[in-house]
Amino acid sequence: MISMKGISKTFFTEEVETRALHELQLDIAKGEFLSIAGPSGSGKTTLLSILGLLDGPSAGSYHLGGRDVAQLSSAERARVRNEQVGFIFQSFNLIGELTVAENVELPLTYRALPRAERLRRVDAALERVGMSHRKSHYPAQLSGGQQQRVAVARAVAGEPLVLLADEPTGNLDSHNGVQVMELLKELHAGGATVVMVTHNDQYSRYATRTVTLFDGRIIDESALQRAG
Amino acid sequence: MLADLRFGFRNLLRTPGFTLTALLALALGIGANSAIFSVVSPLLFRALPLPEPEQVVALPMTNTATGNASNWSLPTFKDVLDRQKSFSAMAALRQGGAAVSTATEPARMRVIFASHGVFAVMGLQPELGRVFTETDDQPGAAPVAVLTHSAWVKHWSQDPGVIGRSITVDGRAFTIVGVMPAAFSELPGDGRAQGLFLPLGVDLDEVKFGAHRGHHNLRALARLKAGVTLAAAGSELGSIFSALELEHPEEKNIAPQVLSLQESLTADLKPAAMVLFAAVLLVLLIACANVAGLMVVRSGARQREIAVRLALGASRLRVVQQVLAEAVLLGVMGAALGLLVAVWTLEGLKGLAGSKLSAASLDGQVLLFTAAVGVLTGLLFGAVPALHASRVGLHEALKDAGARASLSKNRRRAQSALVTVQVALAFALLAGAGLMFQSLYGLMRVNPGFEAENLLTVRLDLPASSYTDDQKRDYYRRALEQAAALPGVESVASVDPFPFLDGTSRNSVYPPGNEPERGSEVAANMYEVSAGYFATMKIPVVEGRGFADSEMQLDSPRVMVVSQKLAKRFWPTETALGKQLIGFSREPCTIVGVVGDVKHGSLDGDAKMAFYLPYVRSAWLAQRLLVRAKGPPEQLVASLRRLERNLDPSLPVREPEAANEILSQSASQQQTTLTMLAAFAAVALLLSAIGLWGLIAYAVAQRRQELAIRSALGAPQGHLVGLVLKQGVWLTGLGLLGGVALALAGSKVLGAMLYGITAVDPKTYLTIGVVLAAVALLACWLPARTAARVDPNAALRA
Ligand SMILES: Nc1ncnc2c1ncn2[C@@H]1O[C@H](COP(=O)(O)OP(=O)(O)O)[C@@H](O)[C@H]1O
Ligand SMILES: [Mg+2]
């Protein structure tokens with residue numbers, strides 16, 4: 001479902017050239033739960049941003065759901081992001097002025113969906129993460145774990161092809177971290193494709209496969225049997 | 001306090017972008033105020049240069065039946081002078097022009113014929129010699145003259161030996177007995193330097209008609225006795241006039257008012273001054289709101305500093321004082337720059353309005369005013385950020401992001417309110433300028449009733465002392481003949497008075513046998529004209545004909561031409577041709593023509609009823625030559641001057657004037673007001689656009705993370721732009737609503753200055769609203785584009 005060939009990303013800043021990704025090959029099948037590991041600065045976030053079409057690669061080809069998405073215009077990328085990618089951020093990234101329900105509805109408002117359908121999906125998504133009872137709260141009124149569950153609801157509400165999570169537990173204590181990982185596991189069990197960046201080996205075990213990045217290259221790929 | 005100022009100064013230096021923007025806004029706002037203050041204060045607030053100026057009063061006469069302004073007659077004046085007890089002095093006077101022999105060549109000067117009381121009314125002693133005494137007013141007294149200071153300087157080189165010297169005024173000999181001091185170089189209210197004072201008794205006009213109680217030809221001034229109020233003097237005059245009315249039943253329905261001279265001089269300037277002051281005040285308020293907004297933005301950056309100060313034990317009062325000190329410093333610096341702006345503005349204004357503003361200068365009073373405005377505005381725009389600073393909590397600024405976000409929300413709210421205020425003020429100002437523009441545009445297109453293009457006029461006054469009536473007629477006949485023969489001349493005529501230069505000569509008219517009672521007369525403007533008048537002025541002859549050459553003889557039958565309005569007044573359903581009217585001369589005249597109505601004096605008034613008589617039978621024979629040129633009339637000016645000199649080399653040559661310039665001058669006050677208003681409105685528009693732009697740009701910077709998240713979630717660019725614009729549109733909308741309310745509130749002041757349009761004009765409001773909204777959208781559009789280009793990656797990398 002995801003196929004990356006020869007993907008490179010080079011940043012230019014003030015005459016310094018940073019090669020964040022080096023001719024990377026990566027294929028991800030539908031229904032996989034992929035964990036991306038690696039030291040800080042190895043290019044994990046950059047890879048995720050290209051996977052999620054937040055950024056385009058400097059070179060290489062990228063097929064998402066059978067479509068070549070490497071060279072899309074920024075408007076087209078926005079549409080693909082909106083319809084086929086669900087993001088879960090380390091810092092939750094809920095919008096403080098909007099309620100829980102409005103935050104979850106946000107990606108749906110950028111589509112031509114009737115309001116009733118949007119609300120139905122918001123309800124379903126909040127139901128899935130167990131946050132229905134906090135619909136009209138504001139993010140500031142929730143704990144970190146609750147906020148991340150709302151963020152997960154927002155990511156799945158659009159029924160994307162793939163869920164991308166950048167250190168989703170990085171800002172949480174271990175109890176809440178486990179809860180969020182359990183939630184991702186559930187979603188994966190329900191058929192979702194998940195790509196997650198994490199430092200934590202314990203959480204890597206939730207994944208069906210782990211790739212490790214070092215200096216912009218994949219150095220070791222070992223398939224792990226999903227435990228439990 | 002000094003430490004606060006020093007710290008404030010360093011702060012301002014540290015943020016040069018903020019400081020420059022704020023100073024620019026303040027300089028514009030304060031400079032405009034100083035300029036207008038310097039123009040208006042000498043006109044409105046500066047006392048007349050006379051001792052106890054508040055005691056000097058004007059006694060304007062009103063016809064209580066018609067409400068029209070009238071004048072005093074000499075017999076009435078003398079009766080009041082004898083009976084009144086309110087005034088320490090009274091004067092009757094009339095102004096005219098005369099040819100005066102000076103130390104060098106004859107010059108035309110303004111002459112004030114005044115009863116001797118005028119000097120006591122003014123309360124001034126002569127610089128040289130003496131002023132008039134009661135004996136100078138007696139018939140048969142030796143003819144004497146008192147020079148004004150400016151005439152003495154200009155024509156007699158300040159020669160102290162002028163006392164006792166003989167001069168001729170319109171050919172008659174007078175002896176100079178005094179020179180007035182510099183403070184008295186012009187009679188207040190005239191605005192033009194005069195030459196000399198002559199006793200009222202030598203005015204030939206007064207000699208001829210002065211004994212008639214109905215000859216209303218004099219102005220009256222007086223000085224109140226100490227302790228007598230205007231009201232008390234008014235009621236005393238009221239009872240004197242009641243008594244006079246019983247004694248002279250034919251003099252009904254006239255009554256004088258008692259007005260402070262100062263106020264009566266400035267009454268017609270007040271609406272314009274009010275409008276301009278309101279305008280610059282609006283500009284200043286906008287500038288204040290603008291700077292306050294900037295300071296609120298900046299106070300976000302200083303929150304931490306303030307919290308640290310509080311933590312170190314500074315009292316909140318100290319913190320507020322610190323913020324205010326900085327604001328006042330900014331205000332005073334803005335005022336200093338504002339003086340520069342004021343200098344330029346004033347120069348521009350003088351270019352526009354010319355000599356009328358000669359009294360305006362940036363003197364000590366203006367400096368004081370500017371400094372005061374600087375401090376006050378500092379306190380005003382410092383109040384909002386000071387309030388914010390006082391609310392900073394110790395923990396809040398040092399602690400978590402959430403609390404900081406809510407504080408920034410507070411700031412944004414304050415800033416939004418300030419922007420709304422700016423938009424509202426700008427709308428009010430723009431609406432005012434828009435209305436003035438339409439009014440002036442309408443006025444410029446008003447048909448005065450004649451065609452002013454290519455028309456020149458020059459007054460040909462002939463001194464009664466050296467010209468008999470027959471000689472005068474001969475002079476005018478020759479002037480008309482010779483002018484008609486000049487190359488480039490299409491036609492010539494003569495008239496008195498000319499509609500937009502001279503006063504009116506209002507006279508009662510009635511059909512023979514229908515003489516009205518006094519007080520219920522039909523009054524009409526009288527014009528004494530030559531045969532070619534209607535053709536030369538291009539006044540349409542609606543019925544009948546204009547005057548024939550043959551009717552310009554003393555023995556020709558008495559004929560009259562009337563205006564349409566006058567014809568309608570007496571014969572609403574039938575023709576006026578062949579009917580008879582009596583006007584002025586008490587002889588019935590047969591109407592031979594009806595002509596179009598002509599305005600007199602100002603374009604915004606209605607045309608009055610008018611009748612025309614051949615000038616040859618005029619009682620005073622003072623005509624104005626009219627020349628219609630085939631092309632632009634400027635080239636005729638020189639040949640007209642030559643013609644004047646040839647006709648009588650002993651008379652001073654008068655300057656021909658172009659009629660269209662005279663006309664546009666009659667709207668010049670409106671024009672000047674409009675130009676200033678338009679400039680202020682442009683500044684207001686600019687300032688509020690900057691304010692809005694600053695707010696939206698700030699908001700975009702604040703919302704960068706939110707915008708990145710939205711973009712990461714797939715929001716199209718248009719959506720992000722819309723999100724930002726929405727805020728601007730919302731504020732602009734609110735501001736516009738406030739602006740309409742403000743404009744409605746101010747419509748009373750403005751209404752007094754408008755012609756042909758009401759101050760509550762929906763079309764203007766709508767147009768201005770659209771213009772302002774467009775500018776506001778543009779101001780929001782620039783930062784909104786930044787919002788659209790936000791990098792969605794920022795969501796991941798936060
Ligand atoms: N926008 C950018 N401009 C310049 N260099 C960048 C940018 N984003 C990432 N990099 C660089 O690319 C490399 C990989 O970064 P990143 O993908 O954030 O690593 P990781 O997420 O594994 O810590 C780093 O050296 C980083 O400094
Ligand atoms: Mg990273």
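Residues numbered from 1 in each chain as written. Chains lettered and ligands numbered in written order. Predicted model: local features only at pLDDT ≥ 70, side-chain atom pairs only at ≥ 80, totals over all residues. Heavy atoms only, no water.

Chemist: Can you help me understand the overall build of chain A in this one?
Modeler: Tallying secondary structure elements over chain A gives 7 helices and 10 strands in all. Counting all 228 residues of chain A, 54% fall into the buried class. Taking the intrachain contacts of chain A between residues at least 6 apart in sequence as the baseline, contacts between residues at least 24 apart amount to 68%. (Helix = DSSP H or I, 4+ residues; strand = E, 2+ residues; numbered from the N terminus. Buried < 20%, exposed > 50% of the residue type's maximum accessible area, 1.4 Å probe, protein only. Contact = heavy atoms within 4.5 Å.)

Chemist: Just to check I follow, could you spell out the site of ligand 1 for this structure?
Modeler: Neighbouring ligand 1 are 13 residues; Gly-41, Lys-44, Thr-45 and Thr-46 of chain A together with Arg-797 of chain B lie closest to it. Looking at what sits near ligand 1, you find residues from chains A and B. The side chain of Thr-45 of chain A places a nitrogen or oxygen atom 2.7 Å from an oxygen atom of ligand 1. Take Arg-797 of chain B: an N or O atom from its side chain is 2.6 Å from an oxygen atom of ligand 1. Contact with the protein chains covers 68% of the free accessible surface of ligand 1, which is 560 Å². Mapped by element, the contributors of at least two residues to the shell around ligand 1 are strand S1 (2–13), strand S2 (16–28) and helix H1 (44–51) of chain A. A total of 3 residues in the shell around ligand 1 trace back to one element, the largest contributor, which is H1 of chain A. (Near = heavy atom within 4 Å. Polar contact = N/O pair within 3.5 Å; in protein donor to acceptor, adjacent residues only side chain to side chain. Areas by Shrake-Rupley, 256 points an atom, 1.4 Å probe, with all protein chains shown as cover.)

Chemist: What is the right way to read the sheet that holds strand S5 (residues 67–68) of chain A from this model?
Modeler: All names here are of chain A. A sheet is described by the order of its strands in space; here 4 strands give the open sequence S2-S1-S4-S5, paired in antiparallel fashion. Two strands lie at the open edges of the sheet, namely S2 and S5, each paired on one side alone. Pairing between S1 and strand S4 (residues 59–64): 5 bridges, direction antiparallel. From the neighbouring strand, Ser-8 faces S4, where its bridge partner is Ala-59. Packing against the sheet, H1 makes contact with S1, S2 and S4, and its axis sits at approximately 120° to S1. (Pairing = 2+ DSSP bridges. Axes fitted to C-alpha atoms, helices over the stretch in contact; angles between N-to-C directions.)

Chemist: Quick question: what am I supposed to make of the interface of chain B and chain A here?
Modeler: Interfaces are often sized by the accessible area lost when the parts come together. Counting residues at the interface gives 19 residues for chain B and 22 residues for chain A. For the pair chain B and chain A, the two sides together bury roughly 1800 Å², of which 60% comes from carbon and sulfur. Summed over the three residues of chain B that lose the most area to chain A, namely Ile-709, Leu-713 and Leu-796 of chain B, the buried surface amounts to 35% of that side. Scanning the region where chain B abuts chain A turns up 0 salt bridges. Here chain B is connected to chain A by 8 residue pairs in polar contact (both at pLDDT 80 or more). Contributions of two or more residues to the side of chain B that touches chain A are made by helix H20 (704–712), helix H21 (717–751) and helix H23 (793–797) of chain B. It is H20 of chain B that contributes the most residues to the side of chain B that touches chain A, 6 residues altogether. (Buried area = accessible area lost by both parts, 1.4 Å probe. Salt bridge = Lys/Arg side-chain N within 4 Å of Asp/Glu carboxyl O.)

Chemist: Explain the environment of Pro-139 of chain A to me, please; I cannot follow it from the model alone.
Modeler: Residue and element names in this part refer to chain A. Looking at where Pro-139 falls in the secondary structure, it is placed in the loop between helix H4 (115–129) and helix H5 (144–157). On the basis of relative accessible area, Pro-139 is assigned to the buried category, the value being 5%. A sequence separation of 42 residues divides Pro-139 from Glu-97, and the C-alpha atoms of the two residues are 8.3 Å apart.

Chemist: Whenever I open this one, the packing of H5 of chain A against helix H6 (residues 174–189) of chain A confuses me. Can you help?
Modeler: If you want to describe how two helices pack, look at the angle between their axes and the distance between the axes. Residues and elements named next belong to chain A. One can describe the packing of H5 onto H6 by two numbers: an axis separation of 9 Å at closest approach and a directional angle of 20°. The orientation of H5 with respect to H6, classified from their angle, is roughly parallel. Judged by the sense of rotation from one axis to the other, the crossing of H5 with H6 is right-handed. Here H5 contributes Gly-145, Gln-148, Arg-149, Val-152 and Val-156 to the contact with H6, which in turn contributes Asn-176, Gln-179, Val-180, Leu-183 and Leu-187. Each residue belonging to the contact of H5 with H6 can be placed in one class, and the counts come to 5 nonpolar, 4 polar and 1 charged. (Parallel < 35°, antiparallel > 145°, perpendicular 65-115°, else oblique. Left-handed = near helix turned anticlockwise from the far one by under 90°. Nonpolar A, V, L, I, M, F, W, Y, C, P; charged D, E, K, R; others polar.)

Chemist: Just to check I follow, could you spell out the nonpolar core for this structure?
Modeler: Across soluble globular proteins, you tend to see nonpolar side chains buried next to one another. Within the largest apolar cluster, 193 residues are counted, with the highest numbers of intra-cluster contacts made by Leu-51 and Tyr-62 of chain A together with Tyr-533, Tyr-612 and Phe-680 of chain B. The element contributing the most residues to this core is helix H9 (residues 270–311) of chain B, with 19 residues. Residue assignment places this core across two domains, with domain 1 (1–52 + 271–399) and domain 3 (462–653) of chain B each supplying three or more. Here Phe-680 of chain B is in contact with Ala-32, Ile-36, Leu-276, Ala-279, Val-280, Val-283 and Leu-429 of chain B, once residues within four sequence places are set aside. (Core = buried A, V, L, I, M, F, W, Y, C linked by side-chain atoms within 4.5 Å. Domains from an automatic or database assignment.)

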